[in-house]
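Chains, contacts and geometry: an overview
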Amino acid sequence: MEVGQSLAWGEGPGYHERPVMITKQLESLETVVIRFAGDSGDGMQITGTQFTNTSAVLGNDLATFPDFPAEIRAPAGTLPGVSGFQVHFSSTDIYTPGDDPDVLVAMNPAALKVNLKDLPRNGILILDTDAFDKRNLKKAGYESNPLEDGSLEGFRLFAIPLTSRTERALEDRDDLSKKEKTRCKNFYALGMTYWLFNRPLENTVTFLEKKFKKKPQFASANITAMRAGYAYCDASQEFQVRYEVAPAATEPGTYRNIMGNDALALGLVAASVRAGVPIFYGSYPITPASSVLHALAKYKNFGVATFQAEDEIAAVTSAIGASFGGKVGITGSSGPGIALKGEALGLATMVELPLVVINVQRAGPSTGMPTKTEQADLLQAMFGRNGEAPCPVLAPCSPGDCFEMAFEAFRIATKYMVPVFLLSDGYLANGAEPWKLPESMDELPACAVSYRTDPEDYLPYMRDETTLARPWVRPGTPGMQHRIGGIEKAEGTGNVSYDAENHQRMTDIRAEKVARIVAEVPDLEVFGPESGDLLVLGWGSTYGAIHAAMKIAHKDGKSVAQAHLRHLNPFPKNLGDVMKRYKKVICAEMNMGQLRMMLRDRFLVDVIGLNKVQGMPFRIREILTAIDEHTS
Amino acid sequence: MEVGQSLAWGEGPGYHERPVMITKQLESLETVVIRFAGDSGDGMQITGTQFTNTSAVLGNDLATFPDFPAEIRAPAGTLPGVSGFQVHFSSTDIYTPGDDPDVLVAMNPAALKVNLKDLPRNGILILDTDAFDKRNLKKAGYESNPLEDGSLEGFRLFAIPLTSRTERALEDRDDLSKKEKTRCKNFYALGMTYWLFNRPLENTVTFLEKKFKKKPQFASANITAMRAGYAYCDASQEFQVRYEVAPAATEPGTYRNIMGNDALALGLVAASVRAGVPIFYGSYPITPASSVLHALAKYKNFGVATFQAEDEIAAVTSAIGASFGGKVGITGSSGPGIALKGEALGLATMVELPLVVINVQRAGPSTGMPTKTEQADLLQAMFGRNGEAPCPVLAPCSPGDCFEMAFEAFRIATKYMVPVFLLSDGYLANGAEPWKLPESMDELPACAVSYRTDPEDYLPYMRDETTLARPWVRPGTPGMQHRIGGIEKAEGTGNVSYDAENHQRMTDIRAEKVARIVAEVPDLEVFGPESGDLLVLGWGSTYGAIHAAMKIAHKDGKSVAQAHLRHLNPFPKNLGDVMKRYKKVICAEMNMGQLRMMLRDRFLVDVIGLNKVQGMPFRIREILTAIDEHTS
Amino acid sequence: MTTQPPQLKKKDFESDQQVRWCPGCGDYAILSSVQKTFAELGLRNEEVAVISGIGCAARFPYYVNSYGFHTIHGRAPALATGLKIARPDLSVWVVGGDGDMLSIGGNHLLHALRRNIDINIMCFDNRIYGLTKGQASPTSEFGKRTATTPMGSLDRPVNPISVALAAEGTFVARTADVFAPHLQAMLTAAAAHKGVAFIQILQNCIIFNDRAFAHVTDREAKNERVLYLEHGAPMIFGKEKDKGIRLVGNKPEVVRLGEDGITEKDILVHDETDESLAYMLSRLDPKDFPTPLGIFRRAGAPSLHEGYQAQFEQAKSKDGEGVILDLIHSGDVWDVK
Amino acid sequence: MTTQPPQLKKKDFESDQQVRWCPGCGDYAILSSVQKTFAELGLRNEEVAVISGIGCAARFPYYVNSYGFHTIHGRAPALATGLKIARPDLSVWVVGGDGDMLSIGGNHLLHALRRNIDINIMCFDNRIYGLTKGQASPTSEFGKRTATTPMGSLDRPVNPISVALAAEGTFVARTADVFAPHLQAMLTAAAAHKGVAFIQILQNCIIFNDRAFAHVTDREAKNERVLYLEHGAPMIFGKEKDKGIRLVGNKPEVVRLGEDGITEKDILVHDETDESLAYMLSRLDPKDFPTPLGIFRRAGAPSLHEGYQAQFEQAKSKDGEGVILDLIHSGDVWDVK
Ligand SMILES: Cc1ncc(C[n+]2csc(CCOP(=O)(O)OP(=O)(O)O)c2C)c(N)n1
Ligand SMILES: Cc1ncc(C[n+]2csc(CCOP(=O)(O)OP(=O)(O)O)c2C)c(N)n1
Ligand code: SF4
Ligand code: SF4
Ligand SMILES: [Mg+2]
Ligand SMILES: [Mg+2]
């Protein structure tokens, strides 16, 4: 690929200069970022998703970033009511939704106000002039009309009366109210972008027909609007240039565009099927974790039991109860809800039952910013319980990886009889990427669960020699009645014990059990030179930004490599060695240095923090700046 | 002092050899450890406390360690039913209740079985032969009677029919039932130990008269029993030796023997009086924190409001509510209860209100061993919340120090408008030591609280230049209405904000506010050489054991020093420098290396862990062994 | 409540924050009634504290010009209890949704009620989780399809009034968002009540559960299917005041006045002090009975903060105002010279 | 419940763990009754799961030869709910004290009840915190002096029966530790009930609250001041069966049979399906009324785990048994060649 071929990275000397928009007729682009922004009521999420899916089917590589308000329906036309959806599509591999948009579609003044600062000069700007009336301008806090005051100069502006054009396109439709007509304007806009980037309409047509099966008049209205938008561009003088983004040279296979939470839910079900043990998901709704519950609630034909508990404590304890019963108990929440589970997670540690704990992290502390992403719950996962209660901690690094890591969490939990933390975040949860689907069960790792049924020589806290796991015995098994609980247990028998040495031994065993998982943790791989000036470490959703930056840095000839942790406890066994091979190590995280703390403690290496808590993923250029600073 | 003069450290070559008991007539000893052990129903706690108080009034230095079963009344005569109380009294400064007893009083076979392993050969052993019947022997799991099978050889055994002698002493008392008579046997035993260590009876006489004011027959019965025990020793041939432990050369002043939880409660009230702001203590009972609530509940004439909440979450949130109202909200619990408070502590961090959070730690994880001590909740205090939510963390180092550190926690909380963690533990809570009482208010630190009442230029999140504290405004103050909450706040106004940069700034400010407390944290002092081979770092209740070990090591000419942290976040500013002055640094903690982790991360020093989770404090010899290993 | 300064107006209780509920949400009407009532009660801005949990409803404090605290999910009654004990002089109002107060916060509600702490609790019941986008709440109907219950909810709903009564609530009432005068009357009565007040406010969530209370608030329903409870008055309802509730044994039934010789005298009279009656009213099934609005129960009982004050005073009169040095020096002390 | 193997005896339900309550504690009697009932119900050791919270009462599972789980404070009903959903075949029994279930765990109790999950909940009510050494519990009397309330408790107690009823409990009963046959009858009925069963067991804590229920369990009280509820039977009590409860309007009163011409026909008849009646009975003040023991309410309702099973089956019959590869490959997929 040539960076210079993209809109975003076009022509300019490097990442830190704003790229210049190509104005001349140009047919082929490598990569484009488009952002749809409008009022929450304007349907921007659906518009963005449609653009994404159409591009996916075309074979582009993709990454998306939805950004919506905390309010359900913030007052129309206001700044907090703005909802956005950014799609990055490309003919080469991409790893983030893009730092900044090349194209901004803004459906009202508020959307313009919130998003314009991200649009580079020369970027394409599509506006609905109908929305720029006095009232809306005031709501958005504009003193003067940007359409008139010259402040939009320098952008490639397409100021179009989208609303009235949509209405006009539907003027002969007596079966629709005026409001119903104007509500189709997002599909008018979508049609325009389809023309602009030369996408077919079929995909969305099918979608609309399916979605409005019961109300076909809405399907056809939206389709008409979309076609009208497409046709308008085709006909209009204003639009002289049309762009092509060729399919990416992707690995052959079947793909699906998937959001992190959906992949996560599928991963759990897949592991459950593979292991032959149904799952029980105890959860309490919370943004951005709720959609895992919503997804799993639909899989009843897989025997998935979902339980909307009265609170997070009941969610986790009900899951522990299910695990006691021989199902795999899973619980999921976000930061504040996870905080409530701490006591029960201590219990799970003590009774040594399998449990998967999902934290779809959001910006904290406290309620924080529920719709914004962050990675600041790592140390909570490690230490948010009383006493010495170590747990394995895993983190997926992309929406699709949520499938794999959820599977892995299930596998470790059942194999080692231990509660396992899975740290996703809001960015992975709602972000989407094309995901290559497994074609057969053999592509999934083995995951065998066996219950002990032989009472001979059985002790509740006897241990597997390799894993140190205690046997899992389902109530109902004759002759193996036993009792567990949160008081320290005597080695072997599991009886209550206040014995001094026993407590030390059991504490050591619980730690050792987690430590032994290292045998299964794949060695950390580096992307880039095997040794050199700088290693950039990360975990979780920062993968894409770091990876994209890495590719640019490598082109710039930097001696820098990337290593990304998906296992945070225990660490891969070669981690220390890897770190030693570089003169400097940066740890990039969306927190104030949590993994960094763990690394410094463990390896006594002066790891440098690249930290950000702004409710948003890293931008590629932020990583690049840091690389620049620390390499020669 | 001469170590050689003590019973425990007599004559032998060093700490690691068991000392030999002095058998010849000897009047003066420097230091003695006596352990009373019996069934839970035998009144061992009261017996030990009486011995302690009498010794205190005599002017000995003291340290005590009660060790009682988790059950209220475990079945009589069984091993889990054994209750013990150890007193260390001395004519010189002491710092721990002593590693092992010199004298063991065992009221039944179970008490013998549980405790004998700690009694050195040649130690004094006083037994109630009446209790060594078949039934009791069986309950204690003895196959043969230790009184007869020779297993007690080598001890200085006084096998006495305590029960029947007590009954005999009370035989003419028709106002008492047989059971009531035999229940006095602990005071008979106490009388014997009073004779043995030449203590006056008056103190206990007065105590009994006061305690049984309403049932004087019990007072006189216990007094008679005690006198009989004393007289028996005086008369008997068996007792040839009597010991003197002279008063310690203590700093002049008024003293009181105090348990950690009582001192803690007093410290809070003292700070409240000093600041002129009443406290609100929201708590839910839990061992070993409950007695803080019990103590504070008695201080209603100080305006102390105690609230037994429905759970720990209500306890902490009610306290936050009180702080919002302008009182100082305080909440206290032990590990499992603290785990439940995590979410609310995030809220307190976000709304920046004062709050003191007391964790009287016990052995974990989960329910763990409720009556046993541990220090494994440090990282929970640091990180047991979602998001970046730093809090100051303090830890008292002795029962008396609980007063001072509770005061300090109150002071910091109100001055910086921040939730402050105070980490005590079960050992401090129930252990006691002589405490030198402040004679005037001036001896207490200044602690001034002021509410803002001036609406001019007021913003809810404006900040004090030095402390970065926001102003505390009491509801009811006209013209200063404002709204706070757990969603990220805009700088200054405190309005809800989802702004990216604002979140970063506020996160930084909250961290900086805690960091700035360092200005008030006294520099860390070392006990021992200013530099050398080894530094032993500790925190909390390990102080005494480390200090006692240090004194012995210094005598042995070891190049070792002690530094003890009472401020764990932020650390004293010279901590890093101090650590650098020693070749090696050991961190001794009753956990698996929590402070150690913080130190290694912060200073990149290869701190060595000396760790123990056995529900029990360090023994002096464990520290000494480690010192030996790491010094030349 | 001082009366010297001029009485405030509704708009004086409006804050400078933009209200951010969905257009058409029932919360707007409630907000407006509350602001109006505060003004009419002669409250000063500064003496009011509005405490909320988390949810759409719980955004309430931001919009009221008073002291306010948007706390965490479910905990508002507990936090308010601490506040009221600390500051008996404040007028404390608690706001939360059905999820906030009856799901995660059910226990704090129970205990605030049994303690009779003098706070006013408004539960905005829309039978759904609004803020998290449409999951079942504890008051959602059995079988309801929501995001978390695609095949229908298996949980039987709780009845907030029954629960509040059983939790020893001393003031338990029900009203609806759109019935402004009734709502205001309930708020006024709650404010006057010494002790805890619990008001279930039926509230329409236009987005996720529209018309959940149409059987109460629709024009026809409002006239014919609502029973307005009034202490000492017979339970007569209907636009024509032609229907009433009669007891047969201990069982209620709907009768028509004038039919079968039934007169007002046969009709059950509401008694706010009768807790079993209140409970029975809370159980009336809207399929067969009108929905009662109004005060189910109102009764006197010692309120918690008064108990605190009394004990403070008693302790001070018994032991004297606390002197810290004396306290420190109490117990077994000894002197070392 | 298979009947082939020989029926077990009480002692088969005794575990090998030493029982560690205080001598004289009421918990011993309850343990013994439970073990006996399990045997008489023909249960097998392995099909029983006893789940408890924390407290003296909550030590219970250690002493029963069955599967057992001593969980954390207050959460047993929630944990048991998960277990029962996962394992409908087990006979699940929950044990906890008044503090465990009504203080910290009140909300889980409420929700377990409203969900009608088929578990049997035994609340050992000793009106005190035993294990933590004598603090006030939610059922402690107003004004009670305890370690935390040296000047008397300011909290008004909750009534566990009222709360359980209001929480939609479908089986709500009361009995006492020392009334072995009655206790066993309640346990047997609870086991037979399809859905959640809640039993308040009055229990004596000899150490911290001795004789709290003397007004029920003393010989004289047992004969004269206890009303044994029986479905369909008139509420007659007293050793001589000479006293009864009559309704005047909707208010109960104690009357003497034979006096003022009162006969059995005037006496209120117990109806386990009448929820308002049950509530009224739960409110009877022991000062003026006998204490009712027995089943206050028993009613049918869909039980939660059955709902789960039905939805699983429905989903499978509609969409077919799940095939994971198909699920993964569903939605908007595309092929890259
Ligand atoms: C501890 C915690 N758990 C979950 C959430 C997510 N959450 C926010 S509001 C809400 C429920 C909202 O429903 P309701 O209380 O009925 O209020 P409404 O939005 O309907 O007014 C939930 C589950 C949270 N903020 N905190
Ligand atoms: C989270 C938590 N908080 C507090 C405790 C301490 N605790 C143990 S049992 C108990 C209450 C016991 O009372 P109750 O439930 O009535 O049982 P009882 O001992 O009277 O049988 C408390 C507060 C705990 N173990 N865990
Ligand atoms: S989601 Fe429902 S409750 Fe929430 S603001 Fe919108 S209409 Fe109101
Ligand atoms: S403290 Fe009370 S409840 Fe607990 S075991 Fe002893 S007598 Fe029983
Ligand atoms: Mg709601
Ligand atoms: Mg109890």
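Conventions we followed
- Position numbers for residues count from 1 along each chain, tracking the sequence in the order it is written.
- All chains are assigned letters beginning with A, and all ligands numbers beginning with 1, in the order in which they are written.
- With the structure being a predicted model, the display of local features is reserved for residues of pLDDT at least 70 and the display and counting of side-chain atom pairs for 80 or more, all residues being used for whole-chain, interface and lining totals.
- Side-chain metrics in this entry use all non-hydrogen atoms of the structure; hydrogen atoms and water are not considered.
- Here, two residues are considered to be in contact whenever any of their heavy atoms come within 4.5 Å of each other.
- Buried area adds together the accessible area that both of two parts lose upon being put together, with accessible area traced by a 1.4 Å probe.
- The rule for a salt bridge is simple: a side-chain nitrogen of Lys or Arg has to be within 4 Å of a carboxyl oxygen of Asp or Glu.
- Proximity is defined per residue: any heavy atom of the residue falling within 4 Å of a molecule or strand makes that residue near it.
- For this analysis, a polar contact is any N or O atom pair within 3.5 Å, provided that within protein one partner can donate a hydrogen and the other can accept it, and provided that sequence-adjacent residues contribute only side-chain to side-chain pairs.
- Note on areas: Shrake-Rupley with a 1.4 Å probe; residue coverage comes only from the protein chains shown.
- The classification used treats Ala, Val, Leu, Ile, Met, Phe, Trp, Tyr, Cys and Pro as nonpolar, Asp, Glu, Lys and Arg as charged, and all other residues, Gly among them, as polar.
- Where a domain begins and ends is set by an automatic assignment or by a domain database.
- Where helices and strands are cited, they refer to DSSP runs of H or I of at least four residues and of E of at least two residues respectively, numbered from the N terminus.

**Here's the deal with the interface of chain D and chain A**
- Taken residue by residue, the interface counts 56 residues in chain D and 69 residues in chain A.
- Buried surface at the junction of chain D and chain A, both sides included, amounts to about 5200 Å², of which 64% is carbon and sulfur.
- Considering only the side of chain D, the residues that lose the most area to chain A are Y67, I328 and W334 of chain D, jointly responsible for 16% of the buried surface there.
- In this structure, the connection of chain D to chain A is made through one salt bridge.
- The residue E310 of chain A makes a salt bridge to R115 of chain D at a minimum N-O spacing of 2.8 Å.

**Observations concerning the site of ligand 2**
- Taken together, 21 residues form the shell around ligand 2, and within it E312 of chain B together with C56, D98, G99 and D100 of chain D come nearest.
- Surrounding ligand 2 is a set of residues that belongs to chains A, B and D.
- At a separation of 2.4 Å, a nitrogen atom of ligand 2 approaches a polar side-chain atom of E312 of chain B.
- Between ligand 2 and A57 of chain D, the relevant distance is 2.9 Å, taken from an oxygen atom to a main-chain nitrogen or oxygen of the residue.
- With the chains in place, 98% of the 590 Å² that ligand 2 exposes on its own is no longer accessible.
- In terms of residue class, the shell around ligand 2 is built from ten nonpolar, seven polar and four charged.

**Describing the domain arrangement of chain A**
All names here are of chain A.
- What the domain assignment lists for chain A is domain 1 (25-245), domain 2 (256-443) and domain 3 (526-630).
- Tallying the contact residues gives 15 residues for domain 1 and nine residues for domain 2.
- For the pairing of domain 1 and domain 2, the buried interface totals around 880 Å² over both sides, and the portion due to carbon and sulfur atoms is 57%.
- For the interface between domain 1 and domain 2, the tally reads one salt bridge.
- Across the pair K372 and D67 runs a salt bridge, and its minimum N-O distance is 3.2 Å.
- For the pair domain 1 and domain 2, the number of links is two residue pairs in polar contact (both at pLDDT 80 or more).
- Counting only elements with at least two residues in the side of domain 1 that touches domain 2, the list comes to α1 (44-58) and β3 (61-67).
- Top element by residues in the side of domain 1 that touches domain 2 is β3. It accounts for seven residues.
- Per-class residue counts for the side of domain 1 that touches domain 2 are eight nonpolar, five polar and two charged.

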